[in-house]
Amino acid sequence: MTVRENRQSLGPLLEAIVQVGPGAAPVVSLRGELDLAGADAFADLVLTVILSHGPDVVIDAAGLAFCDARGLGALVRCANEARRTGGRLTLARPSHRLRRLMRVVDLDRLLYVASVPEPR
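Computed from a prediction, not measured in an experiment: that's the story for all the values here.

K.L.:
Any details on the nonpolar core? Residues and values, ideally.
P.N.:
In this structure, Val28, Leu30, Leu34, Phe42, Ile59 and Leu89 are the most contacted members of the largest nonpolar core, which totals 34 residues. Counting only elements with at least two residues in this core, the list comes to β2 (14-20), β3 (27-34), α1 (39-53), β4 (57-67), α2 (69-84), β5 (89-92) and α3 (96-104). Excluding residues within four positions of it along the chain, Val28 makes contact with Ala16, Ile17, Val18, Leu45, Val49, Val57, Val58, Ile59 and Asp60.

Structure, rendered in structure tokens:
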């Protein structure tokens, strides 16, 4: 089974690695800070992944050090687009801090969160 991997810089402090393999949801692994500087590029990348590889997508947030309101908005935009196309956005391995932030702003009811990425 071949997994294709594509690494992209989405801003000064955000990097994404997109992994696409046969029969599995694509995984977008984040490293850095999802904030004003990279949120739009992140959303554009995930929307492209949804359109190119199917409606389900996993965002691996283990390497995400920071997320501000703009970053949360980008996650919501991507989750809504996945849902609109019949799929689901899964946020895998978010930090305790990100989980708490999502709870405070009531996004834990909108975004599906998993402690580990979906199996490949």
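K.L.:
Which residues make up the confidence of the model for the chain, and what values go with them?
P.N.:
For the chain, mean pLDDT is 92; residues scoring 70 or higher make up 95% of the total. At the low end of the mean pLDDT range in the chain sits strand β6 (residues 112-114), at 89; at the high end sits β3, at 98.

K.L.:
Requested: an account of the sheet that holds β4, with residues and values cited.
P.N.:
The strand order β1-β2-β3-β4-β5-β6 describes an open sheet built from six strands, whose pairing is mixed. Since the sheet does not close on itself, it has two edges, and those belong to β1 (4-11) and β6, each with one partner. The sheet shows a mean angle of 25° between the axes of neighbouring strands, direction not considered. Contacting β4, β5 and β6, α3 runs over the sheet at an angle of about 100° to β4.

K.L.:
Summarise the pairing of β5; cite the residues concerned and give the values.
P.N.:
By the alternation rule, side chains of β5 split into Leu89 and Leu91 and Thr90 and Ala92, which are all buried. Direction of pairing for β4 relative to β5: parallel, over a ladder of four bridges. By the bridge assignment for β5, Asp60 is matched with Ala92. The β-α-β motif built from β4, the intervening α2 and the parallel element β5 has right-handed crossover chirality. The pairing of β5 with β6 spans three bridges and is classified as parallel. Across the sheet, Ala92 pairs through a bridge with Ala114, a residue of β6. Crossover β5 to β6 through α3 is right-handed.

Calculation criteria
- Residue positions are given per chain, counting from 1 as you read along its sequence in written order.
- Whole-chain, interface and lining totals are the exception, using all residues; otherwise, since this is a predicted model, local features are given only for residues with pLDDT of at least 70 and side-chain atom pairs are given and counted only at 80 or more.
- To get the side-chain values, take all heavy atoms of the structure and skip hydrogens and water.
- What is meant by a nonpolar core is a set of buried Ala, Val, Leu, Ile, Met, Phe, Trp, Tyr and Cys residues, joined one to another through side-chain atoms within 4.5 Å.
- To sort residues, take the accessible area from a 1.4 Å probe on protein chains only and compare it with the maximum for the residue type: under 20% means buried, over 50% means exposed, and anything in between is partly exposed.
- Each helix is a run of DSSP H or I of at least 4 residues and each strand a run of E of at least 2, with the numbering of both proceeding from the N terminus.
- Should any heavy atoms of two residues lie within 4.5 Å, those residues are counted as being in contact.
- The quantity called pLDDT is the predictor's confidence in a given residue, expressed from 0 to 100.
- Any two strands with at least two DSSP-identified bridges between them are counted as paired.
- A fitted line through C-alpha atoms serves as each axis, taken over the contacting stretch for helices, and the angle formed by two N-to-C directions is quoted from 0 to 180°.
- Crossovers are marked right-handed if the path from the first strand over the helix to the second runs clockwise, as seen with the strands pointing away from the viewer.

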